[in-house]
Amino acid sequence: QVQLVESGGGSVQAGGSLRLSCTTSIYTDNIRCMAWFRQAPGKEREVVAFMYTGGGGSTYADAVKGRFTISQDNAKITTFLQMNSLKDEDTAMYYCAAGSYCARFEGAYNYWGQGTQVTVSS
């Protein structure tokens, strides 16, 4: 059973940075895409960024383009989300997800982490 564990969330002032990590308990060939989603209070969960594990580039939500970067270590065990120039509206629970293909909708992903809270204050 694949398990995803996020870490790195916390509280930060607007303009600051955080780096989220997502560690995969088991790497399988079925996992070809890693993604980050977020859900703010009272809002639906939305995609933040995703990337193909075998290369092929990454995609970002318009709201985070130029500020967030998704990456993965060489062993494909840990996926990162570097978040710079954080804004109040980035406050949300952030979730790591894994699946066999990349897409913007939640149903594409088979495995989910428990989430890590990011709070940005002015």
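Criteria and thresholds
- Residues numbered from 1 in each chain as written.
- Predicted model: local features only at pLDDT ≥ 70, side-chain atom pairs only at ≥ 80, totals over all residues.
- Heavy atoms only, no water.
- Helix = DSSP H or I, 4+ residues; strand = E, 2+ residues; numbered from the N terminus.
- Buried < 20%, exposed > 50% of the residue type's maximum accessible area, 1.4 Å probe, protein only.
- Lys, Arg positive; Asp, Glu negative; His and termini not counted.
- Salt bridge = Lys/Arg side-chain N within 4 Å of Asp/Glu carboxyl O.
- Polar contact = N/O pair within 3.5 Å; in protein donor to acceptor, adjacent residues only side chain to side chain.
- Core = buried A, V, L, I, M, F, W, Y, C linked by side-chain atoms within 4.5 Å.
- Contact = heavy atoms within 4.5 Å.

> Can you lay out the side chain of glutamate 6 for me, pointing to particular residues and giving the numbers?
Among the secondary structure elements, glutamate 6 is positioned in strand β1 (residues 4-7). Here glutamate 6 sits buried without a salt bridge, and the closest side chain of opposite charge, arginine 45, lies 7.4 Å off (N-O distance). A distance of 2.8 Å separates a polar atom in the side chain of glutamate 6 from the backbone nitrogen of cysteine 96. Engagement of the side chain of glutamate 6 in a polar contact is seen with the backbone nitrogen of glycine 115, the distance being 2.9 Å.

> Let's hear about the nonpolar core: which residues, and what values?
Soluble globular proteins tend to pack their nonpolar side chains together in the buried interior. Membership of the largest hydrophobic core comes to 27 residues, with the highest contact counts inside it found for Trp36, Val48, Phe68, Leu81, Met83 and Tyr94. Looking at this core, the elements with two or more residues in it are β3 (18-24), β4 (33-39), β5 (46-52), β7 (68-72), β8 (78-83), β9 (92-99) and β11 (116-121). Here this core gets 4 residues from one element, more than from any other, and that element is β9. Those residues in contact with valine 48, other than ones at most four positions away along the chain, are Trp36, Phe37, Arg38, Thr59, Tyr60, Ala61, Val64, Phe68, Leu81 and Tyr94. Counting 10 residues, the second-largest nonpolar core is a separate cluster that includes Phe37, Val47, Phe50 and Ala97.

> Could you give an account of the pattern of salt bridges, naming the residues involved and the relevant values?
Scanning all chains against the criterion turns up 5 salt bridges. The closest approach of N and O atoms between arginine 45 and glutamate 106, which form a salt bridge, is 2.9 Å. Pair noted here: arginine 45 is in the loop between β4 and β5 and glutamate 106 is in the loop between β9 and β10 (111-112), with a separation of 61 residues, a long-range link. Here glutamate 106 falls in the partly exposed class, since its relative accessible area comes to 32%. Note that aspartate 62 is salt-bridged to lysine 65, the shortest N-O span being 3.1 Å.

Keep in mind that these numbers describe shape and distance, not what the molecule does.
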